[in-house]
Amino acid sequence: MTFAHRLRPRLVEERASVSPLELFFDLVFVFALTRVTDLMAEDPTGVNLLRGALVMAVLWWSWVGYAWLCNLVRADEGIVRVVMFGAMGAMFITALTIPEAFDDLAGGLDGPVIFALGYFVVRLLHLVMFWVISRTDPQLRGQVLRFAPSMITGTVFLLIASQLTGTAQTVMWILALAGDYLGTLIGGTDWRLRSVSHFAERHGLIIIVALGESIVSIGIGVASLPISWAIIVASLLGLAVSGLLWWSYFDVTSLAVEHAFEEATGARQIRIARNCYSFLHLPMVIGIVMLSLGLKKILSYVGDGNHHRLTDPLYGWPLIALFGGAALYLLALVAFKAYATRSVTVPRVVTAVVLIALLPVVWHIPALATLGVLTAVLVAMIGYEMVRYDQPRDEIRHGGASHP
C-alpha cells in the first residue's frame, strides 16, 4: 500500500455511525463551552451575555463545518484524520483565548487577534478539505466556491473587530456572523449528504455535550464547598432540569425530525440539514449554556453561606439566563420539529411563554425555590405531553410514524 493511498479520504457509508475521532474532536468543544460559561459568569451583565452568545455562534459555525465534512468522508481515515487533529489544535487555541476574545489581557500576545486567527485556521482547513474531496464532483465544487466568500468575510470582520472596542467591536462581530450565516443561507443547496442517520446522530451528541456542560456547571459551582442539604437539593433539581431538557429532545422530537429527514429528497433534504440542524441547533446550545450560567449561580448561592443566605433571591441577568435559556431551548426545539414535520408542538410554546411570564414572580423568591419552580414547569410540560401524545409517541418510537 503506497503512502498516497494511505492519505486518500474514504467515503462515509450510508448508515454510518459517529466515529471515535469525531467524539474526541467534540472534547475541545466541551472545553470551549466551559470557557463561554466562565466568560459570562465572571461578570453576568447584559453585555457579557451578548458576548457569550456571539462567541458561541463563532464556535458553533466552526463545529458545524466538520459535521458536514465528516458526513462525506470518514474522520478517522487518510488525510482527513490529520486535518481533524489540526482543526482540534486551532479550536483549542481559540477556546483558550475566549476570555480575551473582546478585551486583550495585559502581557502576552494580542488575544482578540489570536482568537480571530484560530477561527480562520479552523475554517480554512475545513474549506481546503472540501476542495480536495470535490475534485470529481463539479456540483459540490461549485457549492464550495459559493461558500468561500462567506468564510473570508467572517474572518476579515473578526480581525477588524480585534482592533476595536465597545459598540463598534460588537457591530463587527455581528457583521462577521452575518457574513458567515447569511452566506451559507443564500449560497445554495448543492451540498452533499451521504448518511442521514450519521448527521442526526452527530447533532444529537452535541446536544448531550452541551447538557453535560450544564451538569459540569452544577458541580463546579459547589466543588470547593462542604456538602449540605441545600447543595444536595439544588444539585438534584439542577440535574432534573438537565434531564428534562434531554427528554424533550430525545424522547420524540429528534426521532420525528430524523424520520422526516430520511423521507426527504434532493434540495428539501439539504434544507432540513441546514435549517433544522446547522441553524436551529445553535439557539438550543446557546439556551443550554445560558441555563448553565443560571445553575452555576444558584449552586454558589445555596452553598456559600459566607456570602449568601438561603433566602437570597437569584435576580438580574443570571435569572434571565436561567429561565430565558430554557425558553429559548424549547422554542428552538419547536422550530426544529415544525420545519421538518410541519407540526407545531403547542405545549412547548406555551411553556416557553410561561417561563418568561414567571420572571417577575420569581425575581424576589429564594434562589433554591426559583430552581424548584423551573423544575416543576418542565415536569408539568413533559407530563402533559406523555398523556396528551401517548399514542403518537408510541408510534414514533416503535411504529415508524413521522410525527404526532
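Residues numbered from 1 in each chain as written. Predicted model: local features only at pLDDT ≥ 70, side-chain atom pairs only at ≥ 80, totals over all residues. Heavy atoms only, no water.

By the naming in an unreviewed UniProt entry, the protein chain goes by Low temperature requirement protein A and is assigned to Rhodococcus opacus.

Novice: How do you make sense of the packing of aromatic side chains when you look at a structure like this?
Specialist: Any two aromatic rings considered together are summarised by their centre-to-centre distance and by the angle between their planes. Tallied over the full model, the rule gives 22 aromatic pairs. Between phenylalanine 115 and tryptophan 173 the ring centres are 5.4 Å apart and the planes differ by 35 degrees, which places this aromatic pair in the tilted class. With a gap of 58 residues between them, phenylalanine 115 in helix H5 (residues 111–133) and tryptophan 173 in helix H7 (residues 166–186) connect regions that are remote in the sequence. Taken individually, phenylalanine 115 and tryptophan 173 each receive the classification buried, so the pair is uniform in this respect. Centre to centre, the rings of phenylalanine 199 and tyrosine 277 are 5.7 Å apart; their planes meet at 75 degrees, and the pair counts as edge-to-face. Placement of phenylalanine 199 in helix H8 (residues 196–222) and of tyrosine 277 in helix H11 (residues 266–279) is noted, with a sequence separation of 78 residues between them. Using a relative accessible area of 0% as the deciding quantity, one classes phenylalanine 199 as buried. Through a chain of ring-to-ring contacts, three or more aromatic side chains come together here, namely Trp68, Phe130, Phe147, Trp191, Phe199, Trp246, Tyr249, Phe250, Phe261, Tyr277 and Phe336. (Phe/Tyr/Trp six-rings, centres within 6.5 Å; stacked < 30°, edge-to-face > 60°. Helix = DSSP H or I, 4+ residues; strand = E, 2+ residues; numbered from the N terminus. Buried < 20%, exposed > 50% of the residue type's maximum accessible area, 1.4 Å probe, protein only.)

Novice: Would you mind showing me how to read unusual backbone geometry here?
Specialist: It is generally the case that most residues other than glycine have a negative phi and that most peptide bonds are trans. The phi dihedral of arginine 342 is positive, around 60 degrees, even though this residue is not glycine. Inspection of the secondary structure puts arginine 342 in the loop between helix H13 (317–341) and helix H14 (346–357). Arginine 342 sits in the exposed class, given a relative accessible area of 66%.

Novice: What am I meant to see in the pattern of salt bridges here?
Specialist: Across all of its chains, the model carries 14 salt bridges by this definition. Residue arginine 74 is joined to aspartate 76 by a salt bridge in which the shortest nitrogen-to-oxygen separation is 2.9 Å. Taking the relative accessible area as the measure of exposure, arginine 74 reaches 34% and is therefore partly exposed. As a salt-bridge pair, aspartate 251 and arginine 397 come within 3.5 Å of each other at their nearest N and O atoms. (Salt bridge = Lys/Arg side-chain N within 4 Å of Asp/Glu carboxyl O.)

Novice: I'm lost on the packing of H5 against helix H6 (residues 138–161) in this one. Help?
Specialist: Between H5 and H6, the least distance of the axes is 10 Å, while the angle of their chain directions is 175 degrees. Between H5 and H6, the angle falls in the class roughly antiparallel. Between H5, through Val113, Phe115, Ala116, Leu117, Tyr119, Phe120, Arg123, Leu124, His126, Leu127, Phe130 and Trp131, and H6, the contact on the second element is made entirely by Leu140, Arg141, Val144, Leu145, Phe147, Ala148, Met151, Thr155, Leu158 and Leu159. Across the contact of H5 with H6, the residue classes tally to 18 nonpolar, two polar and two charged. (Axes fitted to C-alpha atoms, helices over the stretch in contact; angles between N-to-C directions. Parallel < 35°, antiparallel > 145°, perpendicular 65-115°, else oblique. Contact = heavy atoms within 4.5 Å. Nonpolar A, V, L, I, M, F, W, Y, C, P; charged D, E, K, R; others polar.)

Novice: How should I be thinking about empty space enclosed by the protein in this particular structure?
Specialist: Any empty space left between the atoms is revealed when a probe the size of a water molecule rolls over them. In the structure shown here, the tally under the stated rule is one cavity of 30 Å³ or more. Put simply, the largest cavity is a space of about 150 Å³. Around the largest cavity, the lining is made up of 14 residues, and of these Val64, Trp68, Phe147, Thr184 and Trp191 lie nearest the centre. Mapped by element, the contributors of at least two residues to the lining of the largest cavity are helix H3 (46–69), H5 and H11. Each residue belonging to the lining of the largest cavity can be placed in one class, and the counts come to seven nonpolar, five polar and two charged. (1 Å grid on protein atoms, 1.4 Å probe; cavity = no way out; pocket = protein on both sides within 12 Å on 5 of 7 lines; lining within 4 Å. Points joined across faces, edges and corners; volume = space filled by probe spheres on them.)

Novice: Any chance you could explain the nonpolar core here in plain terms?
Specialist: Core analysis: the biggest nonpolar cluster contains 132 residues, and Phe29, Val55, Trp60, Trp173 and Leu374 have the highest contact counts within it. Per-element accounting of this core gives the leading share, 16 residues, to H3. Excluding residues that lie within four positions of it along the chain, leucine 374 makes contacts with Val241, Leu291, Leu322, Phe323, Ala326 and Leu355. (Core = buried A, V, L, I, M, F, W, Y, C linked by side-chain atoms within 4.5 Å.)

Novice: Before we go on, may I ask you to explain H7 in this structure?
Specialist: Since the α-helix packs 3.6 residues into each turn, any two residues three or four apart lie on the same face. Compared with the 30 Å implied by 1.5 Å per residue over 21 residues, the 30 Å span of H7 between its first and last C-alpha is a close match. Every buried residue of H7 is listed here: Gln169, Thr170, Met172, Trp173, Ala176, Leu177, Gly179, Asp180, Tyr181, Gly183 and Thr184. A positive backbone phi angle near 110 degrees is found at glycine 188, which sits one or two residues after H7. (Expected span 1.5 Å × (residues − 1).)

Novice: Before we go on, may I ask you to explain the environment of alanine 176 in this structure?
Specialist: Looking at the secondary structure, you find alanine 176 in helix H7. C-alpha separation for the pair alanine 176 and glycine 219, spaced 43 residues apart in sequence, amounts to 34 Å. Contact partners of alanine 176, with chain neighbours within four places excluded, come to Gly154, Phe157 and Leu158.

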